[in-house]
Amino acid sequence: MTFHPTTMMADKSDGDGDAGVILETRKKTQRPPLYKVMLLNDDYTPMEFVVHVLERFFGLSHAQAFEIMLTVHKKGLAVVGVFSFEIAETKVGQVMDFARRHQHPLQCTMEKE
Ligand code: TYC
């Protein structure tokens, strides 16, 4: 009888010496990047207008909106929400458009988290 290599393997190994080491079972989970949407302070936009913007476009309660408006007023800027690129872009556009239509210099920007 001749000993062909495959005849000697009682297990599932293919005899290549790697003993079935799995180097990669699945791709790493990919999460979409998130973007911070920020409101910037200025000296002219009325506080009530900013509060209204935060209620209208970011779904904040009056109390939350007032708090964030005051943070922007005191600190110069604040993050008002974190969203996917598309949602962040839409919010920034809505706020900038609304401010421009009311002739307020309010600035809203986004930045990758
Ligand atoms: N600083 C403004 C004022 O005193 C109020 C203000 C708050 C403006 C937040 C912009 O993003 C802003 N009327």
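The structure reproduced in this document is the subject of the present report. All of these numbers come straight from a predicted model, not from anything done at the bench. (Residues numbered from 1 in each chain as written. Predicted model: local features only at pLDDT ≥ 70, side-chain atom pairs only at ≥ 80, totals over all residues. Heavy atoms only, no water.)

### A few points about the nonpolar core
And then number 1: Counting 25 residues, the largest nonpolar core has Val 37, Leu 39, Leu 54, Phe 58, Val 95 and Leu 106 as the members making the most contacts within it.
And then number 2: Mapped by element, the contributors of at least two residues to this core are β1 (35-40), α1 (47-58), α2 (62-75), β2 (77-83) and α3 (85-101).
And then number 3: Top element by residues in this core is α1. It accounts for seven residues.
And then number 4: Sequence-distant contacts of Leu 39, defined by excluding residues within four places in its chain, comprise Val 50, Leu 54, Val 72, Gly 76, Leu 77, Ala 78, Val 80, Val 95, Leu 106, Gln 107 and Cys 108. (Core = buried A, V, L, I, M, F, W, Y, C linked by side-chain atoms within 4.5 Å. Buried < 20%, exposed > 50% of the residue type's maximum accessible area, 1.4 Å probe, protein only. Helix = DSSP H or I, 4+ residues; strand = E, 2+ residues; numbered from the N terminus. Contact = heavy atoms within 4.5 Å.)

### Thoughts on the site of the ligand
And then number 1: If you check the shell around the ligand, you find Leu 39, Leu 40, Asn 41, Asp 42, Thr 45, Met 47, Val 50, Met 69, Val 72, His 73 and Leu 106 and nothing else.
And then number 2: Within the backbone of Asp 42, an N or O atom sits 2.7 Å from a nitrogen atom of the ligand.
And then number 3: Coverage of the ligand by the protein amounts to 89% of the 340 Å² it exposes when considered alone.
And then number 4: For the shell around the ligand, the secondary structure elements donating two or more residues are β1, α1 and α2.
And then number 5: With three residues, α2 is the largest single contributor of residues to the shell around the ligand.
And then number 6: Partitioned by chemical class, the residues of the shell around the ligand number seven nonpolar, three polar and one charged. (Near = heavy atom within 4 Å. Polar contact = N/O pair within 3.5 Å; in protein donor to acceptor, adjacent residues only side chain to side chain. Areas by Shrake-Rupley, 256 points an atom, 1.4 Å probe, with all protein chains shown as cover. Nonpolar A, V, L, I, M, F, W, Y, C, P; charged D, E, K, R; others polar.)

### Some thoughts on the packing of aromatic side chains
And then number 1: A full pass over the atoms with the stated rule returns four aromatic pairs.
And then number 2: Look at Phe 57 and Phe 98: their rings are 5.4 Å apart centre to centre, the planes differ by 75 degrees, and that puts the pair in the edge-to-face class. Linking Phe 57 in helix α1 with Phe 98 in helix α3, this pair joins segments that are 41 residues apart in sequence.
And then number 3: The exposure class assigned to Phe 98 is buried, which follows from its relative accessible area of 5%. (Phe/Tyr/Trp six-rings, centres within 6.5 Å; stacked < 30°, edge-to-face > 60°.)

Remember, this is a structural readout, not a statement about activity or role.
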